[in-house]
Amino acid sequence: QVQLVESGGGLVQPGGSLRLSCAASGFTFSLYVMSWYRQAPGKERELVARITSRGGTTNYADSVKGRFTISRDNVKETVYLQMNSLKPEDTAVYYCNAVFTTKLEYWGQGTQVTVSS
């Protein structure tokens, strides 16, 4: 059974930090490109960060460059998103995504991140 379980969300003040984790199981994690997406109320889901299967290449949305860092541990089968200097506009539900091919794609259930004073 494929599972992507996100954790680490919560309420944080502007300028603060959070580290999201996504624990994977039920598929060969090391073969998959892993990404974090987010969806704010009334907005479309958007790509936040992506990391290739061996972690050699990362990509970020312009809005988070220099503040967020994606990483992965293929032994622990977990992908992380370190979020620093958080802003109110970062408030959203954050989703973990795994892609191998167009027919092999999985999503987590999401974790809420709220940035507010």
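All values derive from a computational prediction rather than experimental measurement.

S.K.: Mind laying out the overall build of the chain, listing which residues take part and the relevant values?
M.R.: If you tally the helices and strands in the chain, you get zero helices and 11 strands. Walking the chain from its N terminus toward its C terminus, one meets helices and strands in the order β-β-β-β-β-β-β-β-β-β-β. Since a compact globule built from 117 residues should have a radius of gyration of about 13 Å, the 13 Å found for the chain is in line with a globular shape. The principal-axis extent of the C-alpha atoms belonging to the chain is close to 40 × 25 × 25 Å. Among the 117 residues that make up the chain, the fraction classed as buried is 38%. Counted over contacts in the chain with a minimum sequence separation of 6, partners at least 24 positions apart contribute 52%. Positive and negative side-chain charges in the chain, numbering 12 and 9 respectively, have mean positions lying 4 Å apart.

S.K.: Could you give an account of the nonpolar core, naming the residues involved and the relevant values?
M.R.: Judged by nonpolar contacts, the single largest core of 29 residues is most densely connected at M34, W36, V79, L81, M83 and Y94. Among the elements of the structure, β3 (18-25), β4 (33-39), β5 (46-51), β7 (68-73), β8 (78-83), β9 (92-101) and β11 (111-115) are those that each provide at least two residues to this core.

S.K.: Outline a nonpolar patch on the surface, supporting the account with residue identities and numerical values.
M.R.: There is a patch of nonpolar side chains on the surface, built from L31, F100 and L104 and spanning about 260 Å² of accessible area. Here L104 is to be found in strand β10 (residues 104-107).

Parameters at a glance
Residues numbered from 1 in each chain as written. Predicted model: local features only at pLDDT ≥ 70, side-chain atom pairs only at ≥ 80, totals over all residues. Heavy atoms only, no water. Helix = DSSP H or I, 4+ residues; strand = E, 2+ residues; numbered from the N terminus. Rg over C-alpha atoms; globule rule 2.2 N^0.38 Å. Buried < 20%, exposed > 50% of the residue type's maximum accessible area, 1.4 Å probe, protein only. Contact = heavy atoms within 4.5 Å. Lys, Arg positive; Asp, Glu negative; His and termini not counted. Charge placed at Lys NZ, Arg CZ, Asp CG, Glu CD. Core = buried A, V, L, I, M, F, W, Y, C linked by side-chain atoms within 4.5 Å. Patch = residues over 30% accessible without salt bridge, like charges linked within 9 Å, V, L, I, M, F, W, Y side chains within 5 Å. Areas by Shrake-Rupley, 256 points an atom, 1.4 Å probe, with all protein chains shown as cover. Salt bridge = Lys/Arg side-chain N within 4 Å of Asp/Glu carboxyl O.

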